[in-house]
Amino acid sequence: MRRQSRSLCSILLGGAARLRRAKSVPGAGAKLGYSLLEILIVLTIIGLIAALVGPRLFAQLDRSKVTTARVQVRSLETALGTMRLDIGRYPTTAEGLNLLGVADPKSVTGWAGPYLGGGLPKDPWGHPYVYEPPGAEGATPKVYSYGSDGKSGGSGDAADIYNTAGE
C-alpha cells in the first residue's frame, strides 16, 4: 500500500514537472493558455455584441420609466378621488399632493388618510409630480410628471407624462 501511494505521488509530481517544462520550452508538448491575438479577437466580439445590445437595453429602461410614471400618476389620481369622497373636495394649490399624506384634522374635516401607502412618491427621475387643481366645478385635477428633463414640454422620454386613460 505504501509503495502504491509513493508511486502515485511520484506520478503526480512528475506530471507537474513535465507541465512546467512544456511551458518553458517551446515546441515541447501542447501549448497552454491563449495567445494575445486570440484574447483580442474575443474582446472584439464581446464589444460588438455589447454595442448592438446595449442601446436596446437602455431604450427599454427609458420606456419602463415612462410606464412607471404613468402608473404612479394613475395611482395618485385614484388616491385624490378617494380623498375627495372623504372630505368633499380636491386639494387646493397650496395643499397640493401633500394633503394625501398629512392633514390638520382641524382644518380638513372628514380626512381619513393617509391615502398613499408609502408616502408621496417622486417620479422615476427623482422630480416631484405636478398637481393642478380642477378649474371648474365637476372637473378633475391634473397630475403629471415633467419627464426626464424635469421641465415643461419636451419630446421622447423628456415629454410630460399624463394618465392617458384620463386624457
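Residues numbered from 1 in each chain as written. Predicted model: local features only at pLDDT ≥ 70, side-chain atom pairs only at ≥ 80, totals over all residues. Heavy atoms only, no water.

**Details of the overall build of the protein chain**
Rule in force here: Think of it this way: any DSSP run of H or I at least four residues long counts as a helix, any run of E at least two long counts as a strand, and we number them from the N terminus. The classification of residues rests on relative accessible area computed with a 1.4 Å probe and restricted to protein chains. Under 20% of the type maximum is buried, over 50% is exposed, and intermediate values are partly exposed. Note on contacts: a residue pair qualifies if any of its non-hydrogen atoms lie within 4.5 Å across the two residues. Shrake-Rupley sampling with a 1.4 Å probe provides the accessible areas, and residues are treated as covered by the protein chains on show and by no other component.
Looking only at helices and strands, the protein chain has two helices and two strands in total. Each helix and strand of the protein chain, placed in order from N terminus to C terminus, yields the pattern α-α-β-β. Across the 167 residues in the protein chain, those meeting the buried criterion constitute 20%. Put simply, of all contacts in the protein chain between residues at least 6 apart along the chain, 42% involve residues at least 24 apart. As displayed, the protein chain offers around 11900 Å² of accessible surface, 61% of which is attributable to carbon and sulfur atoms.

**Some thoughts on the pattern of salt bridges**
As a reminder of what qualifies: By definition here, a salt bridge exists when the distance from a side-chain nitrogen of Lys or Arg to a carboxyl oxygen of Asp or Glu is within 4 Å.
The tally for this structure, following the rule as stated, stands at one salt bridge. One salt bridge connects R89 with E95, and the closest N-O pair in it is separated by 2.8 Å.

**Looking at the packing of aromatic side chains**
Rules: Centres within 6.5 Å make a pair out of two Phe, Tyr or Trp rings, where for Trp the six-membered ring is used; the pair is then stacked when the planes are under 30 degrees apart, edge-to-face when over 60, and tilted otherwise.
Applying the stated criterion across every chain yields a total of three aromatic pairs. Summarising the aromatic geometry, the rings of W111 and Y115 are spaced 5.7 Å apart at their centres and angled 85° between planes, so their arrangement reads as edge-to-face. For the pair W111 and Y115, a shared accessibility class is recorded, and that class is buried. Ring geometry for Y144 against Y146: centres 5.7 Å apart, planes inclined by 70°, an arrangement best described as edge-to-face. We classify Y146 as partly exposed; its relative accessible area is 25%.

**Some details on the nonpolar core**
Rules: In this description, a nonpolar core means a group of buried Ala, Val, Leu, Ile, Met, Phe, Trp, Tyr and Cys residues linked to one another through side-chain atoms lying within 4.5 Å.
Core analysis: the largest hydrophobic core is formed by 22 residues, its most contacted members being L80, M83, L97, L100, W111 and V143. Considering each element in turn, this core owes the most residues, eight residues, to helix α2 (residues 36-87).

**As for the side chain of S145**
Among the structural elements, S145 can be located in the segment after β2 (142-144). Discounting chain neighbours no more than four positions away, the residues touching S145 are V73, D123, W125, Y129, A159, D160 and I161.

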